[in-house]
Amino acid sequence: MKKVDILGVEFDFTTQQEILNILQDKIERNKKAFVVTANPEIVMYANKDPQYMHTLQFANHIIADGVGVILGSKIVRQPLPERIAGFDLMIELLSIANQKGLRVFFLGASEQTLEKMIPKIKRDYPKLVIAGYHHGFFKGHEHKVKQMVKEAKADLVFVALGYPKQEEWIQKNIDSFEKGIFMGIGGSFDILAG
Ligand code: UDP
């Protein structure tokens with residue numbers, strides 16, 4: 001896939017539909033992927049924190065989440081096709097998971113958020129399989145959480161720990177998992193919980 005470098009972060013040159021097709025294909029073939037939905041804040045943060053920039057280099061797909069990123073791509077004279085909001089991408093993936101009966105794991109946010117969100121997921125996406133969920137405050141229990149995700153064998157793992165934690169968690173753990181699309185999703189669970 002063609003990439004566009006904006007301040008050292010390599011964005012996918014893609015539309016939302018194209019990336020959805022790519023991810024669906026990876027799911028069908030039981031391939032793994034590390035997806036970052038990067039807004040300008042993330043790009044700026046990576047430029048201040050070499051460790052985070054290094055983490056981003058492990059991502060398979062970095063998606064332009066924000067008009068600021070599109071503007072940046074115009075400045076470097078390689079305009080990206082469109083903005084793809086991380087939240088929208090997650091909603092589309094949940095719909096696909098519902099249509100295809102995929103397994104989904106939800107990691108992150110507070111227990112209260114999950115208590116509100118999980119019933120809504122069950123109501124709105126009844127055919128999706130909830131492979132598991134765990135709140136995002138698990139210091140001291142990292143191994144247990146990793147095992148839970150591993151045993152869930154999910155097709156999609158949404159990681160809502162906020163950046164940089166969510167991307168660092170994915171990079172650190174992805175080798176332990178057999179398959180799955182792993183995507184950092186910031187505060188999206190709080191929005192879904194309503
Ligand atoms: N969060 C978490 N564990 C942490 C820190 C944060 O699960 O150790 C959750 C928090 O409850 C919220 C999300 O991560 O649901 C962060 O949302 P925010 O909007 O701050 O993320 P950003 O969009 O800035 O990445």
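Rules behind the numbers
Residues numbered from 1 in each chain as written. Predicted model: local features only at pLDDT ≥ 70, side-chain atom pairs only at ≥ 80, totals over all residues. UniProt positions renumbered as here; feature names shortened; annotations may be inferred. Helix = DSSP H or I, 4+ residues; strand = E, 2+ residues; numbered from the N terminus. Rg over C-alpha atoms; globule rule 2.2 N^0.38 Å. Buried ≥ 20, exposed ≤ 12 C-beta atoms within 10 Å, placed from the backbone. Contact = placed C-beta atoms within 7 Å. Arc of directions from axis to C-beta. Pairing = 2+ DSSP bridges. Axes fitted to C-alpha atoms, helices over the stretch in contact; angles between N-to-C directions. Core = buried A, V, L, I, M, F, W, Y, C linked by C-beta atoms within 7 Å.

Its UniProt record, at the heading Function (unreviewed entry), says of the chain: "Catalyzes the conversion of GlcNAc-PP-undecaprenol into ManNAc-GlcNAc-PP-undecaprenol, the first committed lipid intermediate in the de novo synthesis of teichoic acid." Per UniProt, the comment on the chain under Pathway (unreviewed entry) is "Cell wall biogenesis; teichoic acid biosynthesis."

Caption draft 1: The arrangement of the overall build of the chain in detail. Counting its regular elements, the chain contains nine helices and eight strands. A compact globule built from 194 residues would reach a C-alpha radius of gyration of about 16 Å, and the chain, at 16 Å, matches this within 12%. Based on the C-alpha atoms only, the size of the chain along its principal axes is roughly 45 × 35 × 35 Å. Relative to its 194 residues, the chain shows a buried fraction of 39%. Considering only intrachain contacts with a sequence separation of at least 6, the fraction spanning at least 24 residues in the chain is 76%.

Caption draft 2: Summary view of helix H2 (residues 40–48). Ile42, Val43 and Ala46 are the residues of H2 that are buried. Looking straight down H2, one finds that the buried residues subtend no more than 100° of arc, so they occupy a single side. Contact partners of the buried residues in H2: strand S1 (3–6), strand S2 (9–12), strand S3 (32–38), helix H3 (50–56) and helix H4 (67–75).

Caption draft 3: Spotlight on helix H8 (residues 165–173). Among all positions of H8, only Gln166, Glu167, Trp169, Ile170 and Gln171 are buried. Those residues of H8 that are buried lie in contact with S3, H3, strand S5 (103–108), strand S7 (156–160) and strand S8 (180–184).

Caption draft 4: Expanded view of the environment of His61. Relative to the helices and strands, His61 is located in strand S4 (residues 61–64). Overall, His61 belongs to the buried group, with 21 C-beta atoms counted inside 10 Å. Expressed as a C-alpha distance, the spacing of His61 and Pro81, which sit 20 residues apart in the sequence, is 15 Å. If we skip the residues at most four places from it in the chain, His61 touches Asp12, Ile19, Ala33 and Val35.

Caption draft 5: Quick look at unusual backbone geometry. Looking along the chain, the bond that leaves Tyr163 and enters Pro164 is cis, with omega of 0°. In this structure, Ala109 takes a positive phi of about 70° despite not being glycine. Accessibility expressed as a C-beta count within 10 Å gives 27 for Ala109, which makes it buried. Located in the positive-phi region is Lys153, a residue other than glycine, with phi close to 45°. The exposure class assigned to Lys153 is partly exposed, which follows from the 15 C-beta atoms found within 10 Å.

Caption draft 6: Up close: the sheet that holds S3. The strand order S4-S3-S8-S7-S5-S6 describes an open sheet built from six strands, whose pairing is parallel. Every interior strand has two partners, whereas the edge strands, S4 and strand S6 (129–134), have only one. The sheet shows a mean angle of 20° between the axes of neighbouring strands, taken without regard to direction.

Caption draft 7: Representation of the environment of Ala85 within the structure. With respect to the secondary-structure elements, Ala85 resides in the loop between H4 and helix H5 (86–100). Along the chain, Ala85 and Asp65 lie 20 residues apart, while their C-alpha atoms are 4.7 Å from each other.

Caption draft 8: Examining the pairing of S4 more closely. Of the two faces of S4, both are covered, the one formed by His61 and Ile63 as well as the one formed by Ile62 and Ala64. Pairing of S3 with S4, which is carried by four bridges, proceeds in the parallel orientation. The residue of S4 that forms the bridge with Val35 is His61.

Caption draft 9: Region of the structure containing the nonpolar core. Among the nonpolar cores identified, the biggest contains 55 residues, and Val104, Phe105, Leu156, Val157, Phe158 and Val159 are the most heavily contacted of them. In terms of residues, this core owes the most to one element, S7, which gives five residues. Contacts of Val159, omitting those with residues within four sequence positions, involve Leu107, Gly108, Gln166, Trp169, Ile170, Phe182, Met183, Gly184 and Ile185.

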